[in-house]
Amino acid sequence: MELEQLYTDYAHCLDADELERWPDFFTEDCFYRITSAENYEAGLPLGLIYATSRNMLKDRVRALREANIYEPQRYRHLVSSIKVVEDAVRDPEPVDLVANFLVVRTMQDGEMTIFGAGRYVDRVRRDAGNWKFVSKTVVLDSRQIDTLLAIPI
Amino acid sequence: MELEQLYTDYAHCLDADELERWPDFFTEDCFYRITSAENYEAGLPLGLIYATSRNMLKDRVRALREANIYEPQRYRHLVSSIKVVEDAVRDPEPVDLVANFLVVRTMQDGEMTIFGAGRYVDRVRRDAGNWKFVSKTVVLDSRQIDTLLAIPI
Amino acid sequence: MELEQLYTDYAHCLDADELERWPDFFTEDCFYRITSAENYEAGLPLGLIYATSRNMLKDRVRALREANIYEPQRYRHLVSSIKVVEDAVRDPEPVDLVANFLVVRTMQDGEMTIFGAGRYVDRVRRDAGNWKFVSKTVVLDSRQIDTLLAIPI
């Protein structure tokens, strides 16, 4: 199904560190946020990353590249249980979805750890024929993640 | 496919801690068991949880809620490799399936660990239009799991 | 989809330690290799396992069985984000695919660790009606894996 493909392409883009392509998964007026389950459930608007447009995502990538922090780790996304939230489906769009994710980090010395686990709470619509994220909220099970600079998840 | 959806809904139910909805994934005369691969292969009937009806699952949830052990961790299920066991398909039901799972636990201090890994060995049939588990055996790769009170997986 | 099924069957074969069936997932003239992302990106032909035919895979299994190293651990594969590489699709075959994997290892004392994470870079074609791997490259995110004798992934 096309929507599963969106998540697949998204995961491969991040895992290949092709961050310059990352904003293209979003609509121009998108909303993107990484937050904790605790803050999400409390309705707090805070976030490790908070963006309200595709341009802000592009700025984020530029900042990450310029920061140039030498962290030669690799990330691997496992995504499963992608689910269309039925009662939120409009006719025919946008579509609301949730999915579970796990991100494994491998350090250069070979140490592998769970970097983050949680769920995506997303809204997508077609944009010039392609499904894009209108809104993507990354809800981490933990309150924090171990990173110097917040990276896209 | 509808059967994948069953596993997706099941995972989200548990991860959202909506345990009161959990028995609804089963038929009234269901069988549910959590056991180790070691015991499973040896044909031992023991289990961390052992239930032979939906009512027993409801009792289990009630016990879990009443025990009220303060363990503010979160669980995240990753399910993949869902497979219909071809030679066990009846016409048209029930259907036998296996699937791999991984459960990640996040503690309140942010520590993330692998809580359990293993496979589901399941039988499903339609019950009033919805696919339900007639039988679900959670076969853990490890002999034990680190928890005070056995929770649904 | 049939190609997802191939990955599902492959994972269950390895997790059940049915290694004698493992070569059957490949064509007779297959290529199989386990390597690190670092070596893969550098174009180095090295690998933890390197085989250029199904017979070499059979030899590998025989060697593993004869070595008979007593490591009573269990492995569990989680595979997700299976993706057909569109620009590489021939008409109608072979088909190029990538997928993400995570392998969790459970030791006999119950300790669970991430054994390996990375991606499959594969080519498949139909062989007497069944999809088989013409080529399978296991690209590990880490430079090494913790094992005495390299096992199939």
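Residues numbered from 1 in each chain as written. Chains lettered and ligands numbered in written order. Predicted model: local features only at pLDDT ≥ 70, side-chain atom pairs only at ≥ 80, totals over all residues. Heavy atoms only, no water.

Student: What's the story with the environment of Thr 35 of chain B in this structure? I'm lost.
Tutor: All names here are of chain B. Relative to the assigned elements, Thr 35 resides in strand 1 (residues 26–36). Distance from Thr 35 to Val 138, taken between C-alpha atoms, is 6.1 Å for residues 103 residues apart in sequence. Sequence-distant contacts of Thr 35, defined by excluding residues within four places in its chain, comprise Tyr 40, Leu 46, Gly 47, Thr 137, Val 138, Val 139 and Leu 140. A polar atom in the side chain of Thr 35 sits 3.5 Å from the side chain of Arg 33. For Thr 35, the side chain forms a polar contact with the main-chain oxygen of Leu 46, separated by 3.3 Å. (Helix = DSSP H or I, 4+ residues; strand = E, 2+ residues; numbered from the N terminus. Contact = heavy atoms within 4.5 Å. Polar contact = N/O pair within 3.5 Å; in protein donor to acceptor, adjacent residues only side chain to side chain.)

Student: I keep staring at the sheet that holds strand 1 of chain B and nothing clicks. Help me out?
Tutor: Hydrogen bonding along the main chain pairs the strands of a sheet, whether they run parallel or antiparallel. Residue and element names in this part refer to chain B. Read from one edge of the open sheet, 6 strands run 2-1-6-5-4-3, paired in mixed fashion. For this open sheet the edge positions go to strand 2 (49–51) and strand 3 (74–84), each flanked by a neighbour on one side alone. Within this sheet the neighbouring strands show an average axis-to-axis angle of 25 degrees, counted without direction. Pairing of strand 1 with strand 2 involves 3 bridges; the strand directions are antiparallel. For Ile 34, the partnering residue across the bridge sits in strand 2 and is Ile 49. Along the sheet, helix 1 (residues 2–15) makes contact with strand 1, strand 3, strand 4 (95–106), strand 5 (112–127) and strand 6 (130–140), crossing strand 3 at roughly 165 degrees. (Pairing = 2+ DSSP bridges. Axes fitted to C-alpha atoms, helices over the stretch in contact; angles between N-to-C directions.)

Student: Is there a simple way to explain the relation of the copies chain B and chain C in this structure?
Tutor: One copy of the chain maps onto the other through a rotation about an axis plus a displacement along that axis. Superposing chain B onto chain C takes a rotation of 120 degrees combined with a translation of 0.0 Å along the rotation axis, leaving an RMSD of 0.0 Å. Considering both components of the superposition, the chain copies are consistent with a three-fold axis. Taking C-alpha positions as the reference, the residue of chain B nearest the rotation axis is Ser 80 of chain B, at 4.0 Å. Comparing interface residues between copies, only 17% of those in chain B also sit at the interface in chain C, which points to a heterologous contact through distinct surfaces. (Least-squares fit on C-alpha atoms with pLDDT ≥ 70 in both.)

Student: Help me understand the state of the cysteines in this model?
Tutor: Structurally, a disulfide amounts to a covalent bond that connects the sulfur atoms of two cysteines. Considering all chains together, one arrives at 0 disulfides over all chains under this definition. Free of any disulfide, Cys 30 of chain B has its nearest neighbouring cysteine sulfur in Cys 13 of chain B, separated by 14 Å. (Disulfide = S-S within 2.5 Å.)

Student: Explain the pairing of strand 4 (residues 95–106) of chain C to me, please; I cannot follow it from the model alone.
Tutor: Residues and elements named next belong to chain C. Burial of strand 4 is extensive: 12 of the 12 residues sit out of reach of the surface. Judged by which residues are buried, strand 4 turns out to be covered on both faces: Val 95, Leu 97, Ala 99, Phe 101, Val 103 and Arg 105 on one side and Asp 96, Val 98, Asn 100, Leu 102, Val 104 and Thr 106 on the other are all buried. Strand direction decides the pairing type here: strand 3 (residues 74–84) and strand 4, joined by 9 bridges, are antiparallel. By the bridge assignment for strand 4, Lys 83 is matched with Val 98. As defined by bridge partners, strand 4 adjoins strand 5 (residues 112–127) across 12 bridges and the pair is classed as antiparallel. From the neighbouring strand, Val 95 faces strand 5, where its bridge partner is Val 124. Adjacent in sequence and paired antiparallel, strand 4 and strand 5 are bridged by 5 residues, among which Gly 110 carries a positive phi angle near 100 degrees. (Buried < 20%, exposed > 50% of the residue type's maximum accessible area, 1.4 Å probe, protein only.)

Student: Would you mind showing me how to read the sheet that holds strand 1 (residues 26–36) of chain A here?
Tutor: Residue and element names in this part refer to chain A. Across the sheet, which stays open at both edges, the 6 strands sit in the order 2-1-6-5-4-3 with mixed pairing between neighbours. The strands lining the two open edges of the sheet, one partner per strand, are strand 2 (49–51) and strand 3 (74–84). Taking the axes of each pair of neighbouring strands and ignoring which way they run, one obtains an average angle of 25 degrees across the sheet. Strands in contact with helix 1 (residues 2–15) are strand 1, strand 3, strand 4 (95–106), strand 5 (112–127) and strand 6 (130–140); relative to strand 3, the strand with the most contacts, it is inclined by about 165 degrees. Helix-sheet contacts for helix 3 (residues 54–67) involve strand 1, strand 2 and strand 6, and the interaxial angle to strand 1 is about 60 degrees.

Student: So what exactly am I meant to see when it comes to the side chain of Lys 136 of chain C here?
Tutor: All names here are of chain C. Here Lys 136 is to be found in strand 6 (residues 130–140). Classification of Lys 136 as buried rests on a relative accessible area of 0%. Of note is the side chain of Lys 136, whose polar atom sits 2.9 Å from the side chain of Asp 122. If we ignore the near neighbours within four places in the chain, the residues touching Lys 136 are Tyr 7, Tyr 10, Phe 26, Phe 31, Tyr 32, Arg 33, Tyr 120, Val 121, Asp 122 and Ile 153.

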